[in-house]
Amino acid sequence: MMNNPQHITELKQIGHYDILRCIGRGGMGLVYLARDTRLNRQVAIKCLRSELCEPHYRERFKREALLLAKLNHPHIVQIYDFIETQDELALVMEFVDGQNLYLHLREHIVCFTQRMQWLTQIAQGLAVAHDAGIIHRDLKAENILINKRNEAKISDLGIAKSQDFNATLTDHVAGSYSCMSPEQAMGEELDSRSDLFSFGILAYQLLCNAHPFGDTDNKLQLMQRIISHAPIPPGKHIPDLPQEISELLGQLLSKNPDNRPANTHWLAAQCEKLSQLFLATSFEPDNTQTLPQSSQPSIQYSQHPLLKQTRQPINTSGSGIRSKQQNITQEHPTFEAVDTNELLSSKQKFNAYIKTNSVTVTLAGLTLLMLVAVGIWLLQPKEPRYVAVLPPTLSTADMHESQQELVKGAVYDAIQQSVLQLDGYYLIPQNEIADINASSNKEGLETVRRATAADELITANIQCKIEACTITLSRLTPDVKKQEGRLRVQDTKTIDVLTDNYLSVATIVQNNIGGLYFENVANTFEQIDTKEYTKFLEFNRSYVTKGANTDLLADLEKLNGNIELLPAFQTLFSEVALDLNHETKDKNFLVKINKLIKGNKTTDKIYLKNLFSLQIAEENFDAADKTIELLTKLHSNTSTKYEMLAYKLMAKKDYKGAISFYEKSLISKKTTKNLYLAAIAYWYLGNSVNAKNYIDEALSLSPTFSNALFFRGTIHLLSGNSEEAKKSFETVKDIAPNDAYNLSNLGLSYLLSKQYQKSLDLFKKANEIYPKNPAFILNQADAEYLLGQHSNAQESYQNIINIYESQKDLPSFDSLKDASQAYAHTSNFQEALSTLKKLEERSSQSVEIIYIGALVHTLANNKTLAIYNIDNALKKGMGSKWFELPWFDTLCNEADFIETIKKYGGTNTCSP
């Protein structure tokens, strides 16, 4: 191909591409501008240098083409074609008419917001590359192209590598020394977080006009600084650089990859958020800057009047993904409006510093403009303030326990129904607070505030005698003047109530909640019958302590006296029916919800939320989208909107899409719930690293968060670490002794450690709570079989098959999982394999489905497919201990099976 420089001018054509001229030289070859004679468009063609045509380099070049072919994003240079002949190897790419970022900045004046927009675009493109398993490894200004539309495009992925490719030591140290991460400079194994470090260097250079580790031509010195020195604080170059940017740069440039953002999509969203913020406030540099040629900055940023920084606790701003070693309660600067002149400057894009000798404004005209600006600002939609209502505490010497629970239930219900009416406030769901399991002391209140990102809390302390109680209602808000914004009491109300009428207690409490917020709150309870309300409180308590069951739903259906008008009743009824539908797959429960909520549209917010849950259960996703929009219009709450969109995508098993919305929700409002849900989405997507990081962060905010503990136990269980799994599940059992799913997973932990009797006892208890759940029946059958109770096991397996065949025309995903195993255990292999095929058509990538495939094929004596699935399951993180169970004993003499287990560190694969 290209043996000498003269070849640059001699090359006239490659395939059906006419060569126009050489436009660049890269590390692996020359780049030409060419014309595609078929599509009549200009393209860029990268040709492999002749001295690199050895098989190793040809293979590397081909690998680059395959990697790039995965990517299709407006901010990544697109690949069009790949040409390979005996004499030529070329990559045909999109031609970007423009300059690289380094040259562009040297020749153009570029505003601050444009720089932030470029960083956003680069991060967006990088996120897509990382999703495809690609690491750039040479991210720098020279490899960013700026086209004529001022858009940034990532180029030169010539040394990018798939995360699945085992690179040589030479590959590991490839890349430009000035933009390397510490681990790259030391030749260590890389992942996508290495690119984030390089992105941090690029962002630092772009915004601060200097290299974060000093500007020097000494390659070894700079590499040593990157490896061992802390970055120069951005404030030394640009004293007025907004602190949000300084903190983001510090996170990106951390030596420890665990302390960098764990997700590139979060980084892109954070850049976009900052870009939009500074665009709205007209934040601009005084003059231009280029990428650094010396260690001294060429400009200073002036502080924009709207960027006066206050110190407030991190509640709703969201700081993204952090490792558990970092201080989760760290404060972040926020922006506040100052005086009306500054507000006018922001909204109307006027100059913040009006010079008196250059313009004269009449007093009347200025007043009018100020009023217009203030009016515009007041009309802007604002995120609601989030309110967490804590379960009431009650102390008494002589009141019966059941009466205490009814008093607390009435007070709790009244406070929540009142907050729902407050304008500009959002009630944090009761179950989100209950899951935290925090105490009512000062530390517990702080835990609730951090874990829910609440702006304020409401507490109720009840002191009772036999016939009367004194209730103290307190409104708590963070004290921004104190360290970490500790909670302070903003207002209190003390009221006395008689305990012979719980409806009266609720009404009196509701009348006083409005006083804490200087608002009138309507009486939710005026049409409700006293006796029916008491029954409702009893049924609500039963659901909290014992969970859903058909008797409870039947009791709720018998209530009358306008109790259906109560929003809390509608929510309770919906939750009970949804739980029963989930457990039994009986669609009649959904019919009951539909009938109730559509006939009682008492509170729009509650109605829409219950309607959304129903639509998801019905898989009516188009209608769910419309409900989300209606709810968003009702109150400006972007975090909840993102959560609902993510929840919908989870129901559709679009885990990648769900993650994107959970990430957005975390930026808006970081809570234990959102972290937990994002962890689940990552787990289903097969990214166990991010799943563990998110669940650890959720538990750092709330150590007793039962759902997160359960999920952490599940992660340990699937990885085969039965002892750690037991610890998590036992902790949840102490918190929620009747959680059937937790009992079932605890039973699996004992089964995995071959304590079959203990596992059977736990499975039986789970089945007592939910008698018709096929998954619990299947686990019990397995334990019975392993204990030698074969007739009992066969009866249980057949019970699962009967349940499945009763709904075979429209089988649920879970019923397919249970039935395929039950058929295999009863030696009905034709049905087992048929059911497995239907299951794999719905979700072939889940590690659980792959394990089921391994089990079914093993029992069906399809050894090749069984070992293939075992290898795949182990690759995705499943522990080899799962394949020590007796179901897999028939593979013990298979060399491929033994070798596969050893490959992933397993030993003692066969049961004794």
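Before reading further, recall that the structure is shown in the block above.
Residues numbered from 1 in each chain as written. Predicted model: local features only at pLDDT ≥ 70, side-chain atom pairs only at ≥ 80, totals over all residues. Heavy atoms only, no water.

Asks: How would you summarise the state of the cysteines if you had to cite specific residues and measurements?
Replies: Enumeration over the complete set of coordinates arrives at 1 disulfide. Linked covalently through their sulfurs, Cys 464 and Cys 469 form a disulfide whose S-S length is 1.9 Å. Given an S-S torsion of about 110°, the disulfide between Cys 464 and Cys 469 has right-handed geometry. For Cys 464, a relative accessible area of 8% gives the class buried. (Disulfide = S-S within 2.5 Å. Buried < 20%, exposed > 50% of the residue type's maximum accessible area, 1.4 Å probe, protein only.)

Asks: If you had to explain the pairing of strand β9 (residues 144-147) to someone new, which residues and values would you point to?
Replies: Relative to β9, strand β7 (residues 98-100) runs antiparallel, the two being bridged by 3 bridges. From the neighbouring strand, Gly 98 faces β9, where its bridge partner is Asn 147. Where β9 meets strand β10 (residues 152-154), 3 bridges bridge the pair, whose relative direction is antiparallel. Across the sheet, residue Leu 145 finds its bridge partner in β10, namely Lys 153. (Pairing = 2+ DSSP bridges. Helix = DSSP H or I, 4+ residues; strand = E, 2+ residues; numbered from the N terminus.)

Asks: I'd like a rundown of the packing of helix α13 (residues 401-419) against helix α17 (residues 530-546), residues and numbers included.
Replies: Here α13 crosses α17 at 100°, and the two axes come no closer than 10 Å. One way to sum up the angle between α13 and α17 is to call them roughly perpendicular. Across the interface between the two elements, Glu 405, Leu 406, Gly 409, Ala 410 and Asp 413 of α13 pack against Tyr 533, Thr 534, Phe 536, Leu 537, Glu 538 and Arg 541 of α17. Its residues placed into classes, the contact of α13 with α17 shows 5 nonpolar, 2 polar and 4 charged. (Axes fitted to C-alpha atoms, helices over the stretch in contact; angles between N-to-C directions. Parallel < 35°, antiparallel > 145°, perpendicular 65-115°, else oblique. Contact = heavy atoms within 4.5 Å. Nonpolar A, V, L, I, M, F, W, Y, C, P; charged D, E, K, R; others polar.)

Asks: Any chance you could break down the sheet that holds β7 for me, citing the residues and the numbers?
Replies: To summarise the sheet geometry, strands pair through backbone hydrogen bonds and adopt either a parallel or an antiparallel arrangement. Pairing in this open sheet of 3 strands is antiparallel, and the strands run β7-β9-β10 from one edge to the other. Taken across any chain shown, the strands that pair with only one partner, and hence form the sheet edges, are β7 and β10. Taking each pair of neighbouring strands and ignoring which way they run, the sheet shows an average axis angle of 30°. Contacting β9 and β10, helix α4 (residues 112-131) crosses the sheet at an angle of about 30° to β10.

Asks: Please provide a residue-by-residue account of the sheet that holds strand β3 (residues 29-36), values included.
Replies: Spatially, the 6 strands line up as an open sheet ordered β1-β2-β3-β4-β6-β5, and their pairing is antiparallel. Of all the strands in the sheet, just β1 (13-14) and β5 (79-84) have a single pairing partner and so form its edges. As defined by bridge partners, strand β2 (residues 17-25) adjoins β3 across 7 bridges and the pair is classed as antiparallel. For Arg 21, the partnering residue across the bridge sits in β3 and is Leu 33.

Asks: Provide a residue-level description of helix α25 (residues 672-685), including the pertinent values.
Replies: Given a rise of 1.5 Å per residue, 14 residues ought to cover 20 Å, and the 20 Å separating the end C-alpha atoms of α25 matches this to within 8%. With 11 of 14 residues buried, α25 lies mostly within the body of the structure. By the burial criterion, the buried members of α25 are Thr 672, Asn 674, Leu 675, Tyr 676, Leu 677, Ala 678, Ala 679, Ile 680, Ala 681, Tyr 682 and Trp 683. On its buried side, α25 packs onto α15 (442-452), α23 (638-651), α24 (655-668), α26 (688-701) and α27 (706-718). Note on α25: the residue one or two positions beyond its end, Gly 686, has a positive phi of about 95°. (Expected span 1.5 Å × (residues − 1).)

Asks: Summarise the pattern of salt bridges; cite the residues concerned and give the values.
Replies: The tally for this structure, following the rule as stated, stands at 26 salt bridges. The partner of Arg 149 in a salt bridge is Glu 151, and the shortest N-O contact between them spans 3.2 Å. Accessibility expressed as a relative area gives 24% for Glu 151, which makes it partly exposed. Ionic pairing is found between Lys 408 and Glu 405, a salt bridge with its closest N-O pair at 3.4 Å. Placement of the pair is Lys 408 and Glu 405 together in helix α13, with a separation of 3 residues, close to one helical turn. Residue Glu 405 is classed as partly exposed on the basis of its relative accessible area, which comes to 21%. Salt bridges here are not isolated pairs; linked through shared partners, they connect Asp 191, Arg 193 and Asp 258. (Salt bridge = Lys/Arg side-chain N within 4 Å of Asp/Glu carboxyl O.)

Asks: So what about the packing of aromatic side chains? Which residues, and what values?
Replies: All told, the structure shown has 22 aromatic pairs when counted by the stated rule. The interplanar angle of 70° and the centroid separation of 5.0 Å between the aromatic rings of Phe 883 and Phe 888 together place this pair among those described as edge-to-face. Accessibility classification places Phe 883 together with Phe 888 in one group, the buried group. Feature note: the residues Phe 525, Tyr 533, Phe 536, Phe 569 and Phe 573 constitute an aromatic cluster, connected by ring pairs. Lys 653 extends its terminal NZ or CZ atom over the ring of Phe 813, reaching a point 4.4 Å from the ring centre. Of note, Lys 669 hangs over the ring of Tyr 386, and the distance from its end group to the ring centre comes to 4.5 Å. (Phe/Tyr/Trp six-rings, centres within 6.5 Å; stacked < 30°, edge-to-face > 60°. Lys NZ or Arg CZ within 6 Å of the ring centre and 35° of its normal.)

Asks: Describe in detail the environment of Arg 486, supporting the description with residues and values.
Replies: As for its placement among the helices and strands, Arg 486 is situated in the loop between β18 (468-478) and β19 (487-498). Separated by 37 residues in the primary sequence, Arg 486 and Arg 449 have C-alpha atoms spaced 9.8 Å apart.

Asks: Outline the packing of helix α29 (residues 740-752) against helix α30 (residues 756-769), listing residues and values.
Replies: It is at 8 Å that the axes of α29 and α30 come closest, and there the two elements cross at 165°. As summarised for this structure, α29 and α30 are arranged roughly antiparallel, according to the angle between their axes. The way α29 lies across α30 gives a crossing that is left-handed. Contacts from Ala 740, Leu 743, Ser 744, Leu 746, Gly 747, Leu 748, Tyr 750 and Leu 751 of α29 reach α30 at Tyr 756, Lys 758, Ser 759, Leu 762, Phe 763, Lys 765, Ala 766 and Ile 769. (Left-handed = near helix turned anticlockwise from the far one by under 90°.)

Asks: Report on the nonpolar core, specifying residues and quantitative values.
Replies: One finds Ile 415, Val 509, Tyr 533, Phe 536 and Phe 883 to be the most contacted residues of the largest nonpolar core, which totals 164 residues. For this core, the leading source of residues is α25, giving 9 residues. (Core = buried A, V, L, I, M, F, W, Y, C linked by side-chain atoms within 4.5 Å.)

Asks: Requested: an account of helix α16 (residues 502-517), with residues and values cited.
Replies: Over its 16 residues, α16 runs 24 Å from end to end, which matches the ideal 22 Å to within 8%, given 1.5 Å per residue. The buried count for α16 comes to 12 of 16 residues, which makes it a mostly enclosed element. Among all positions in α16, only Tyr 502, Leu 503, Val 505, Ala 506, Thr 507, Val 509, Gln 510, Asn 512, Ile 513, Gly 514, Leu 516 and Tyr 517 are buried. By the N-cap criterion, in which a side-chain oxygen at the helix start approaches the backbone nitrogen of a residue two or three places on, α16 is capped by Asn 501, the distance to Leu 503 being 3.0 Å. With its phi angle positive at about 55°, Phe 518 sits one or two positions after the end of α16. (Polar contact = N/O pair within 3.5 Å; in protein donor to acceptor, adjacent residues only side chain to side chain.)

Asks: Lay out the side chain of Asn 773 in plain terms, naming residues and giving numbers.
Replies: Mapped onto the elements, Asn 773 comes out in the loop between α30 and α31 (774-786). Looking at Asn 773, its side chain comes within polar contact range of the main-chain nitrogen of Ala 775, at 2.9 Å.

Asks: Tell me about the environment of Ala 783, and name the residues and values.
Replies: Note that Ala 783 resides in helix α31. Taking the C-alpha atoms as reference points, Ala 783 and Gln 757, separated by 26 residues in sequence, lie 7.4 Å from one another. What Ala 783 contacts, discounting residues up to four positions off in sequence, is Leu 751, Tyr 756, Ser 759, Leu 760 and Phe 763.

Asks: Tell me what's going on with unusual backbone geometry, and back it up with residues and numbers.
Replies: Positive phi, normally seen in glycine, also occurs at Asn 150, with a value near 65°. Structurally, the position occupied by Asn 150 is in the loop between β9 and β10. Positive phi, normally seen in glycine, also occurs at Asn 209, with a value near 60°. The topology assignment puts Asn 209 in the loop between α7 (192-208) and α8 (219-228). Look at Asn 209 and you get buried, because its relative accessible area is 6%.

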